[in-house]
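# Examination of the molecular architecture
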Amino acid sequence: MDHTDDAPVPDERSGGGGAAADSVGALLGRCLRVVGATRVFGSSASGITGVPGLGHVRVDEPILAALLGDAQGRIGSGPGVALLPGRRLRLSASPSTQVVPVVVDDPSLLPEAIATWSVGSASGCAELVLDLDLDAPVPEGLAPVAVGDAGQLMTLSPSLADFSTLVLAGPGVVRAGQVDALRAFATQAGVGVVNTWGAKGLLAWDSPHHFGTAGLQARDFELAGFGDAQLVIAVGVDPDEAPRRLWSTGAQVLEVEPWQLAALAYNWPDPPPVPPYPALYRELSAALGPLYESDASPLTPARAARDLSLVRPPGALVAADPGPAGLWIARTFPTTEPGSVVVPARRADGFAVAAAMVCSLDHRRAFAVTTAPFDPVTEALIDLAGRVGSEFVLCAWGADEAWSDARAHEVALRTALEAPGIARVGVPVDFSWTRTLVDVAGEIVAWSDHGG
């Protein structure tokens, strides 16, 4: 199992070769499946050719293997897995996260190390150095560990029902499968919900409980009303999307786990009317409304995002790279389907194409949205995607295309959906409209703490 795999091209197949069912390698595979892993992206330089029971996609370049694993973890419910040089096993749910590798040199340490890879984090990442003989017999009695929802159910005191309350919800709610519980809590408690951009679609854009998307711009949390709230309930929040210093401005803060939402308002009285939409929702809606409807070419970014939402088939993913395209997708893409839109919380060149490649492996339709010209990592991933037969739509916003008006965009997208392989759509987008966002909600702060 520990020999070098000389397969000439990246492909997906059952990992682990002829490893014995009672080997340490087999235990590794069982542990990974328990936490929700489905495949590994293996660098040929890792020294490990596969993991029993998991699909194996060989990717020679370690940076691409890591990025594909990060994308898998970000758009799924379990971790993405990459095998990297130095016998490193990377488990992640977020791109570009740097962690200190932990050496695992005793098989008895393996189950807990994998089970706890993301405890306490909505976007965890861990790297394990597997200083183990994966072909050796597994010690008797050693088995995977499952870390489930633990602790006492939390119910709020009815006295808090009179507080001015806001909910801040992040991607952890989607990953935990607690979207319905969040919606039920908002209805039962009569409160507004502000989602970060990693949790778009938690509520319909026109729901009375949907108070907007925050974390992208300097004044988002101010305009959403966090300065006036007496109680903030934070659930599933990724600090890379919503640093606490931006929204914890004097209110009492209650941080809850997503699984606790179902019982949270159990003892509350009948809810009062939901407060009116905050300035964040009202002012952005007023400013962006004309941009959604504009037929001008180059397109307004809001119109480009709206067209994507109209064309996207049910279940398909729209993945965008951080930067100009990602900003407008995160801010203006209308969605009612959680998990259908992903823009990572940290900068990662090539993320959109990596996510689309993962979708293709899962037989899921996808749009990868990035800006023209492509960066080198994106170019490398496009080349890899072509060689392994991926199918998705690649949208290059800001391309030098000549369209008579914006209506050509929807036609181009629908045509691309029917094309085989990687269908490219160059979209003339006028990013100067970003000044409209800045005029309303201040400077762009997303990704600024991580090299943006």
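Being a predicted model, the structure only gives us computed values, none of them experimental.

## A look at the overall build of the protein
When you go through the protein residue by residue, the secondary structure sums to 15 helices and 17 strands. A compact globule built from 452 residues should have a C-alpha radius of gyration of about 22 Å, and the protein, at 23 Å, falls within 12% of that. By its C-alpha atoms, the protein is 65 × 60 × 35 Å across when sized along the principal axes. Across the 452 residues of the protein, 56% fall into the buried class. Once local pairs closer than 6 in sequence are excluded, the contacts in the protein between residues at least 24 apart make up 76%. Surface accessibility of the protein: about 17800 Å² in total, with carbon and sulfur atoms responsible for 52%. For the protein, the separation between the mean place of its 29 positive charges and that of its 51 negative charges on side chains is 4 Å.

## Comments concerning the pattern of salt bridges
Side-chain pairs of opposite charge can arise whenever the charged atoms involved come near each other. What the rule picks out here adds up to 18 salt bridges. The closest approach of N and O atoms between D60 and R58, which form a salt bridge, is 2.8 Å. Here R58 falls in the buried class, since its relative accessible area comes to 12%. We note a salt bridge from D180 to R183, for which the minimum N-O separation is 4.0 Å. Linking D180 with R183, this pair stays in helix 5 (residues 179-189), spanning three residues, or about one helical turn. R183 sits in the partly exposed class, given a relative accessible area of 28%. Several salt bridges converge on common partners, so that one network encompasses E293, D295, R303, R306 and D307.

## A few points about the nonpolar core
Nonpolar side chains in soluble globular proteins tend to end up buried together. Ranked by internal contacts, the top residues of the largest apolar core, which has 60 residues, are F226, L308, I329, F367, V369 and W397. In terms of residue count, the dominant contributor to this core is helix 9 (residues 279-293) (six residues). Aside from chain neighbours lying at most four places away, what touches F367 is L308, V311, R312, P313, L317, V318, A319, V393, C395, L413 and L417. In terms of nonpolar packing, the next biggest core, distinct from the first, is built from 34 residues, L64, L317, A354 and A355 among them.

## Observations regarding the sheet that holds strand 10 (residues 210-214)
Reading across from one edge, 10-9-8-11-12 is the order of the five strands in this open sheet, with parallel pairing throughout. In the strand order of this sheet, the two ends are held by strand 10 and strand 12 (252-256), each with one partner. Neighbour to neighbour, the strand axes of the sheet diverge by 20° on average, direction disregarded. Of the strand pairs in this sheet, strand 8 (residues 165-169) and strand 11 (residues 231-235) are connected by five bridges, and their pairing is parallel. Opposite V167, over in strand 11, you have I233 as the bridge partner.

## Remarks on the confidence of the model for the protein
Chain-level statistics for the protein give a pLDDT mean of 91 and a share of 93% at 70 or above. Scored below 50 in pLDDT, residues 1-10 makes 28 contacts in the model with residues more than four places away or belonging to other chains.

## Some remarks on a nonpolar patch on the surface
Taken together, V119, V145 and V147 make up a surface patch of nonpolar side chains, about 250 Å² in accessible area. Here V145 lies in the loop between strand 7 (125-130) and strand 8.

## Overview of the packing of helix 12 (residues 351-361) against helix 13 (residues 376-387)
Contact geometry for helix 12 and helix 13: axes closest at 8 Å, N-to-C directions at 20°. Taken as axis vectors, helix 12 and helix 13 run roughly parallel relative to one another. The way helix 12 lies across helix 13 gives a crossing that is left-handed. Here V353, A354 and M357 of helix 12 come into contact with helix 13, specifically with T378, L381, I382, L384 and A385. A breakdown of the residues in the contact of helix 12 with helix 13 according to their chemical character gives seven nonpolar, one polar and no charged.

## Describing the packing of helix 9 against helix 11 (residues 324-332)
Running from amino to carboxyl end, helix 9 crosses helix 11 at an angle of 115°, the nearest separation of the two axes being 12 Å. Between helix 9 and helix 11, the angle falls in the class roughly perpendicular. Here L280, L284, L288, L291 and Y292 of helix 9 come into contact with helix 11, specifically with W328, R331 and T332. Residues that form the contact of helix 9 with helix 11 fall into these classes: six nonpolar, one polar and one charged.

## Quick notes on the pairing of strand 9 (residues 192-196)
In terms of residue burial, strand 9 counts as a mostly covered element, since five of its five residues are buried. The alternating pattern of strand 9 places G192, V194 and T196 on one face and V193 and N195 on the opposite face, and all of these are buried. As judged from the three bridges shared by strand 9 and strand 10, these two strands associate in the parallel manner. Bridge assignment links N195 to a residue of strand 10, and that residue is T213.

## Comments concerning the sheet that holds strand 17 (residues 422-427)
Overall, parallel pairing links the five strands, which are arranged 14-13-15-16-17 in an open sheet. Among the strands making up the open sheet, the edge pair consists of strand 14 (341-342) and strand 17. In the sheet, strand 15 (residues 366-371) pairs with strand 16 (residues 392-397) via five bridges, with the strands oriented parallel. Bridge pairing in strand 16 links A368 to L394. Relative to the sheet, helix 14 (residues 407-417) contacts strand 15, strand 16 and strand 17, its axis offset from that of strand 17 by approximately 170°.

About the criteria used
Residues numbered from 1 in each chain as written. Predicted model: local features only at pLDDT ≥ 70, side-chain atom pairs only at ≥ 80, totals over all residues. Heavy atoms only, no water. Helix = DSSP H or I, 4+ residues; strand = E, 2+ residues; numbered from the N terminus. Rg over C-alpha atoms; globule rule 2.2 N^0.38 Å. Buried < 20%, exposed > 50% of the residue type's maximum accessible area, 1.4 Å probe, protein only. Contact = heavy atoms within 4.5 Å. Areas by Shrake-Rupley, 256 points an atom, 1.4 Å probe, with all protein chains shown as cover. Lys, Arg positive; Asp, Glu negative; His and termini not counted. Charge placed at Lys NZ, Arg CZ, Asp CG, Glu CD. Salt bridge = Lys/Arg side-chain N within 4 Å of Asp/Glu carboxyl O. Core = buried A, V, L, I, M, F, W, Y, C linked by side-chain atoms within 4.5 Å. Pairing = 2+ DSSP bridges. Axes fitted to C-alpha atoms, helices over the stretch in contact; angles between N-to-C directions. pLDDT = per-residue confidence, 0-100. Patch = residues over 30% accessible without salt bridge, like charges linked within 9 Å, V, L, I, M, F, W, Y side chains within 5 Å. Parallel < 35°, antiparallel > 145°, perpendicular 65-115°, else oblique. Left-handed = near helix turned anticlockwise from the far one by under 90°. Nonpolar A, V, L, I, M, F, W, Y, C, P; charged D, E, K, R; others polar.

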